[in-house]
There are 2 protein chains.
Amino acid sequence: MAPKTKFELKTPKGTKDWFGNDMLIRERIFTQLRTVFQKHGALELDTPTFELTDILGGKYGEDSKLIYELKDQGGELSSLRYDLTVPFARFCAMNALQNCKRYHIAKVFRRDQPAMSKGRMREFYQCDIDIAGVYDPMIPDAEILYILTEVFEGLGWKGNYTIKLNHRKILDGLFQSCGVPEDKIRPISSAVDKLDKLPWADVKKEMTEEKGLAEDVADRIGEWVVLKGKHDLLEKLRADPTISQNKLIQEGLADLQLLFEYLEAFGAFERISFDLSLARGLDYYTGVIYEVVTEGSAPSTTPGSKDSKPKKSKGGKDDDDRSNDPSVGVGSVAAGGRYDGLVGMFSGKAQVPCVGVSFGVERIFSITKARMAAENETAPSTVDVYIMALGSKAGLIKERLAIAAKLWEAGIKTEFLYKTKPKLPQQFKAADATQTPFAVIVGDEEVEKGVVKIKELGLPDGHPQKDGELVQLTALVPEVQKRLARKRELDDIARGAEGLKVVGGLRGEDVKPEETSAPAAPAEEPKPTESS
Amino acid sequence: MAPKTKFELKTPKGTKDWFGNDMLIRERIFTQLRTVFQKHGALELDTPTFELTDILGGKYGEDSKLIYELKDQGGELSSLRYDLTVPFARFCAMNALQNCKRYHIAKVFRRDQPAMSKGRMREFYQCDIDIAGVYDPMIPDAEILYILTEVFEGLGWKGNYTIKLNHRKILDGLFQSCGVPEDKIRPISSAVDKLDKLPWADVKKEMTEEKGLAEDVADRIGEWVVLKGKHDLLEKLRADPTISQNKLIQEGLADLQLLFEYLEAFGAFERISFDLSLARGLDYYTGVIYEVVTEGSAPSTTPGSKDSKPKKSKGGKDDDDRSNDPSVGVGSVAAGGRYDGLVGMFSGKAQVPCVGVSFGVERIFSITKARMAAENETAPSTVDVYIMALGSKAGLIKERLAIAAKLWEAGIKTEFLYKTKPKLPQQFKAADATQTPFAVIVGDEEVEKGVVKIKELGLPDGHPQKDGELVQLTALVPEVQKRLARKRELDDIARGAEGLKVVGGLRGEDVKPEETSAPAAPAEEPKPTESS
């Protein structure tokens, strides 16, 4: 064994460990996403953490400087993946797939300036679903947008989000017919993309002063890109004699007309906002583009609030005065679009058109965690039963081991203190640390009679069940299962009533007092599983 | 968009994409491991993919040359993690945890010469569970060994594996009392570790000729390290007048005596083989060490086979003549032990003793996949319902979208062809590609009457249900759910009977012919989800 050495004990810049409650919340979000993706018949793909450096080259424009490269230790040059989209396109091209519906949940890496408080990390998860293949227009696009509503409704955001939608062809056609020179279309597009953070005056200034656009051209753009709507905005574009002559716009309008009809058939049109200011940064989009924005941290709405300045929501602290307009706030929580040219960049021959979306789990996590804290909601206990020795000088370690094996075999989450002669307070403290709902208690007398005591933990003094119940050792498993099922049922009722209360101020009479009294807020720190 | 470029379309050496059936099998193994770990109250930890290079230094001996380093792009020097144990120790030390029970399922990276056919990759998954903390001797060690039996029994290996167990102190004490000089103890230990691959004569040669050990010392070692047993071997060591005087051996024997008693209390002693030839490579082990070996790919046993040469099992092809001795074959599928000094290397002060095990998912995957192929078992279909348009010139796309939304909302896995006017054979082909069990069919007449047809796919001609059944559109969801539940029940019976048949040649009368007729073997290639 090497001698003890002094290390700087930290994780690399922009990275962190995930443990305890945070990990449980994040896993719940992954499960939610995975369940939705699988409902659509998508298969999971897992690609290597690093790709050949050549594969990533020329895909990310200026952001290529953020790619982590592996050291040249002899052999191929490789880099950590920057996103999941390019590896997906590489996979499709490499296997000459004509169609593929896949999801991918994995870490990506960007050597950016980290801003941990804003959730900008150098290592973070992306959750993507994409549909590749030559199909009739807008059908897969509609399904991806349906998935967006499904995920956020499933997360309990109940309409408290907006899907901003635009079409690259409409945007480019708009710039053309307003008189933007071809070589200025992308820079002007990226100026427009800032309209969610800056007022029009500032954006116009960037266009004219920084990017040299003629003032009258900027003014014509300005009339359009501030517009939002649904069918009405399609109509307005169609009705304009100049605009409606543009071929790109005509194509884009036909797409959106069809898309809106399909979304109506899906019953997923409500949260859509056709928003001419949405431009999206990445070059590879070729059709419909979208991003999902939400106001922040809590699901309850506070009608009547007049404050509509964009601001960051911090852990539900500003719930009372936050905006009623869900389209301002913490930035996008999901984004995507159609990219018909990327696979062709690899295959060199067959184009395989693709459409997809990427969910930003870190941001969804922050919002979910803040909401749980605001609602005093905790993650469920990770342990069902704590086995304790009580009233025995011997400590009964082998008896406790045998009981543990019985419970594990039945799928019951069980712990006990790793001491031959444990002290009673230590055992209760350990059970308390994980909010374990039940104790199974053995003493010399119980062993002799072939019984054990089951005791629900955390009951108030005077509760009829406070002292627990003796059951036959042979009946332990079904007796524990019965109590766990009942406990879960009551917890569900409590949670349901809590949910109703938050949304509509409704009643929660079905719930016993001890079920609604909220446990402590989720711990920030990694939580040791047991005190020794 | 950049012009099309020619790339070498491959993943980096020693890495691969996971998709389709392989991914489903691997996910099933992860779920199995996760479920067991969670039953023991372990919390999941996620550490960064790379650590500061200094953290990894001096931990892996000669293998340090296999560490992947990130390129120096300014800032800290980092390296991809080599295993999950060192990051866990770093995490415990950094957070000054006195105790922690965690599991971790993640990729590790080794710049080794890859041997894909043997499952040796440069990027591969490890699944670890470890218990850190100062506890009474052998209680956590016994729980980790219990987890080993739980995982392999849960995977259906039914006793077809052996847990080889030894103790570093017994091994070192043995070398001392046989007369091995202190500086030769580790090299001699590593020679002993080869006894599972080489006969004693070759190992002795390495000790004497290569490593300069006296012949009589080697002979004394040779009398001991070939021995295996349980309590009998403990007894034999205790009975030897020289050996039993050694202090290390006395400590090791006391540990194992206690461990055996605990394992008996757990009911998990059966698969244990106390094996004095087990040495384990890594330097950091300080107490009990173990590894799990299995003969190969299939769960059925073939008593009477005399062939006991170690060999690789290849997809169940050599089931008939493979060895009856489960301790030879594909190498270890899990390994671990006690390491009491590693956290102290980081913290510089407090020692936090640890014990744990790492499961080799890639090897477990190969064995599971080969077994499934041998048993003609396929992963369950990833889609429940395929919606088809039939007998309508219009194609009924909006009707299909509305039905899809209904089914998705009810949690039913649903697909349909992304065509406005799909051809019938295309739709059947697409449903067939994912072995979708049910079709929901709409035509003009059905739409008019407010009904749909549910049809079970793959029924033989003449089957009474072959033509499907008309149901009210309003009753579609419960009707589909009813059929899916019945189908799953029948599949379970079929699988159960299949399992019985393999193990004991028992009957399978409960099963309808169409349930047992095995579908095609799992595909090797990534499977497109749909043909267009």
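Just so we're clear, the structure is a prediction, and the values are computed from it rather than from any experiment. (Residues numbered from 1 in each chain as written. Chains lettered and ligands numbered in written order. Predicted model: local features only at pLDDT ≥ 70, side-chain atom pairs only at ≥ 80, totals over all residues. Heavy atoms only, no water.)

Novice: Would you mind going over the overall build of chain A with me for this structure?
Specialist: If you tally the helices and strands in chain A, you get 17 helices and 16 strands. With 532 residues in all, chain A has 55% of them scored as buried. A fraction of 70% describes how many contacts in chain A between residues 6 or more apart in sequence connect residues 24 or more apart. Summed over its atoms, the accessible surface of chain A is roughly 22100 Å², and 51% of this surface lies on carbon and sulfur atoms. (Helix = DSSP H or I, 4+ residues; strand = E, 2+ residues; numbered from the N terminus. Buried < 20%, exposed > 50% of the residue type's maximum accessible area, 1.4 Å probe, protein only. Contact = heavy atoms within 4.5 Å. Areas by Shrake-Rupley, 256 points an atom, 1.4 Å probe, with all protein chains shown as cover.)

Novice: Please clarify how the packing of aromatic side chains should be interpreted in this entry.
Specialist: Aromatic ring pairs are reported here in terms of the distance separating the ring centres and the angle at which the planes meet. Here the structure, examined in full by the defined rule, presents 42 aromatic pairs over all chains. With a centroid separation of 6.2 Å and 70° between ring planes, the pair formed by A:Phe260 and A:Phe274 is classed as edge-to-face. One end of the pair, A:Phe260, is in helix α10 (residues 247-266); the other, A:Phe274, is in strand β8 (residues 272-275), and 14 residues separate them in sequence. In terms of burial, A:Phe260 and A:Phe274 fall into one category: buried. Taking 5.5 Å as the distance between ring centres and 90° as the angle between the ring planes, the aromatic pair formed by B:Phe416 and B:Tyr418 counts as edge-to-face. Under the relative-accessibility criterion, B:Phe416 is labelled buried at 1%. (Phe/Tyr/Trp six-rings, centres within 6.5 Å; stacked < 30°, edge-to-face > 60°.)

Novice: Help me out: how do you make sense of the packing of helix α7 (residues 200-210) of chain B against helix α8 (residues 215-225) of chain B in this one?
Specialist: Packed helices, taken two at a time, are described by the angle their axes make and the gap between the axes. Residue and element names in this part refer to chain B. Two elements in contact, α7 and α8, have axes separated by 10 Å at closest approach and are oriented at 145°. In terms of crossing hand, the pair formed by α7 and α8 is right-handed. Contacts from Trp200, Lys204, Met207 and Thr208 of α7 reach α8 at Glu215, Ala218, Asp219, Ile221, Gly222 and Val225. Taken together, the residues that form the contact of α7 with α8 break down as 5 nonpolar, 2 polar and 3 charged. (Axes fitted to C-alpha atoms, helices over the stretch in contact; angles between N-to-C directions. Left-handed = near helix turned anticlockwise from the far one by under 90°. Nonpolar A, V, L, I, M, F, W, Y, C, P; charged D, E, K, R; others polar.)

Novice: What is the right way to look at the sheet that holds strand β14 (residues 438-442) of chain A in this model?
Specialist: Sheet strands pair by backbone hydrogen bonding; their relative direction is either parallel or antiparallel. Residues and elements named next belong to chain A. Spatial ordering of the open sheet is given by β13-β12-β14-β15-β16, a layout of 5 strands whose pairing is mixed. Bordering the open sheet on either side are β13 (414-416) and β16 (469-472), each of which pairs with just one other strand. Taken pair by pair, the neighbouring strands of this sheet meet at an average axis angle of 30°, ignoring direction. Bridge count between β14 and strand β15 (residues 451-456): 4 bridges; the pairing is antiparallel. (Pairing = 2+ DSSP bridges.)

Novice: Looking at this structure, I do not really get the nonpolar core. What am I missing?
Specialist: Side chains of nonpolar character tend, in soluble globular proteins, to be buried together. A:Leu148, A:Phe152, A:Ile221, A:Phe266, A:Tyr290, A:Phe359 and B:Phe416 are the most contacted members of the largest nonpolar core, which totals 106 residues. Each residue touching A:Phe266, except ones within four places of it in the same chain, is listed here: A:Ala142, A:Glu143, A:Tyr146, B:Leu401, B:Ala404, B:Ala405, B:Trp408 and B:Phe416. In terms of nonpolar packing, the next biggest core, distinct from the first, is built from 104 residues, A:Ile387, A:Leu401, B:Ile144 and B:Val333 among them. (Core = buried A, V, L, I, M, F, W, Y, C linked by side-chain atoms within 4.5 Å.)

Novice: Is there a simple way to explain the relation of the copies chain A and chain B in this structure?
Specialist: Both copies of the chain are related by a screw-like operation: a rotation about an axis and a shift along it. Overlaying chain A on chain B yields an RMSD of 0.1 Å, the required transformation being a rotation through 180° with an accompanying axial translation of 0.0 Å. Within this description, the copies of the chain are treated as partners about a two-fold rotation axis. A share of 99% of interface residues in chain A that are also interface residues in chain B marks the association as one of identical surfaces. (Least-squares fit on C-alpha atoms with pLDDT ≥ 70 in both.)

Novice: What is the right way to read the UniProt feature "binding site: L-histidine" (unreviewed entry) in chain A from this model?
Specialist: All names here are of chain A. Under the present numbering, the feature "binding site: L-histidine" (unreviewed entry) in UniProt falls on Asp83, Leu84, Thr85, Arg110, Gln126, Asp130, Arg280, Tyr284 and Tyr285. Relative to the helices and strands, Gln126 resides in strand β5 (residues 123-132). The contact partners of Gln126, leaving out residues within four places of it in the chain, are Asp83, Leu84, His104, Ile105, Ala106, Val108, Arg110, Ser358 and Phe359. Relative to the helices and strands, Tyr284 resides in the loop between β8 and β9 (288-293). With relative accessibility at 4%, the residue Tyr284 sits in the buried group. (UniProt positions renumbered as here; feature names shortened; annotations may be inferred.)

Novice: When you look at the pattern of salt bridges in this model, what are you seeing that I'm missing?
Specialist: With the rule as written, the count across this model stands at 74 salt bridges over all chains. One salt bridge connects B:Asp46 with A:Lys107, and the closest N-O pair in it is separated by 2.8 Å. Remark: A:Lys107 occurs in strand β4 (residues 100-109) and B:Asp46 occurs in the loop between β1 (43-44) and β2 (50-52); the pair is interchain, linking two chains. For the pair B:Asp46 and A:Lys107, one class covers both residues: buried. Two residues, A:Glu479 and A:Lys482, come together in a salt bridge whose shortest N-O distance is 3.3 Å. With A:Glu479 and A:Lys482 both in helix α16 (residues 476-504) and 3 residues apart, this pair spans about one turn of that helix. In this structure A:Lys482 comes out as partly exposed when scored by relative accessible area, which is 48%. Connected through shared salt-bridge partners, A:Arg26, A:Lys107, A:Glu123 and B:Asp46 make up one network. (Salt bridge = Lys/Arg side-chain N within 4 Å of Asp/Glu carboxyl O.)

Novice: Before we go on, may I ask you to explain the interface of chain A and chain B in this structure?
Specialist: Size of an interface, as often reported, equals the accessible area lost when the parts are brought together. Taken together, the contact between chain A and chain B spans 114 residues of the former and 114 residues of the latter. Taken together, both faces of the contact between chain A and chain B bury some 10200 Å²; the carbon and sulfur share is 61%. Seen at the junction of chain A and chain B, the total is 14 salt bridges. A:Lys10 serves as the salt-bridge partner of B:Glu76, at 2.5 Å between the closest nitrogen and oxygen. The tally of links from chain A across to chain B stands at 42 residue pairs in polar contact (both at pLDDT 80 or more). Broken down by element, the residue count for the side of chain A that touches chain B peaks at 8 residues, all from helix α13 (residues 397-409) of chain A. (Buried area = accessible area lost by both parts, 1.4 Å probe. Polar contact = N/O pair within 3.5 Å; in protein donor to acceptor, adjacent residues only side chain to side chain.)

Novice: Where do I start with the sheet that holds strand β5 (residues 123-132) of chain B in this structure?
Specialist: All names here are of chain B. Spatial ordering of the open sheet is given by β1-β4-β5-β11-β10-β9-β6-β8-β7, a layout of 9 strands whose pairing is mixed. The open sheet has two free edges, formed respectively by β1 and β7 (228-229), since each of these has just one partner strand. One ladder, built from 7 bridges, connects β5 with strand β11 (residues 354-360); its direction is antiparallel. Within β11, the position partnered with Ile129 by the bridge is Val357.

Novice: I'm lost on the pairing of strand β12 (residues 385-389) of chain A in this one. Help?
Specialist: In the case of a regular strand, side chains alternate between the two sheet surfaces. Residues and elements named next belong to chain A. Buried residues dominate β12, accounting for 5 of its 5 residues. Across the two faces of β12 the burial is the same, with Val385, Ile387 and Ala389 and Tyr386 and Met388 all buried. Viewed along the sheet, the connection from β12 through α13 into β13 turns out right-handed. (Right-handed = clockwise from strand over helix to strand, strands pointing away.)

Novice: Sorry if this is basic, but what is going on with the packing of helix α6 (residues 185-192) of chain B against α7(B) here?
Specialist: Residue and element names in this part refer to chain B. Look at α6 against α7: their axes get within 9 Å of each other, and the N-to-C directions meet at 160°. As far as their axial angle goes, α7 and α6 are roughly antiparallel. Judged by the twist between their axes, the crossing of α6 over α7 is right-handed. Two secondary-structure elements touch here, α6 through Ile188, Ala191 and Val192 and α7 through Val203, Glu206 and Met207. Counted by class, the contact of α6 with α7 contains 5 nonpolar, no polar and 1 charged residues. (Parallel < 35°, antiparallel > 145°, perpendicular 65-115°, else oblique.)

Novice: What should I look at first to understand helix α12 (residues 361-374) of chain A in this one?
Specialist: What sets the pattern is the α-helix's 3.6 residues per turn: residues three or four places apart point alike. All names here are of chain A. Compared with an ideal rise of 1.5 Å per residue, which puts 14 residues at 20 Å, α12 spans 20 Å between its outermost C-alpha atoms and is within 8% of the ideal. Of all 14 residues making up α12, 10 are buried, and the element is well covered by its neighbours. For α12, the full list of buried residues reads Val361, Glu362, Ile364, Phe365, Ile367, Thr368, Lys369, Ala370, Arg371 and Met372. Lining the buried residues of α12 we find α1 (20-39), β5, α4 (139-154), β10 (332-339) and β11 (354-360). A positive phi of about 55° marks Asn376, the residue just after α12. (Expected span 1.5 Å × (residues − 1).)

Novice: Hey, could you run me through the side chain of A:Lys107 in this one?
Specialist: Overall, the relative accessible area of 9% leaves A:Lys107 in the buried class. A polar side-chain atom of A:Lys107 sits 2.8 Å from a polar atom in the side chain of B:Asp46. Here B:Thr47 takes part through its backbone oxygen, which lies 3.1 Å from a polar atom of the side chain of A:Lys107. Beyond its immediate chain neighbours, meaning those up to four positions away, A:Lys107 contacts A:Arg81, A:Glu123, A:Phe124, A:Tyr125, B:Asp46, B:Thr47, B:Pro48 and B:Thr49.

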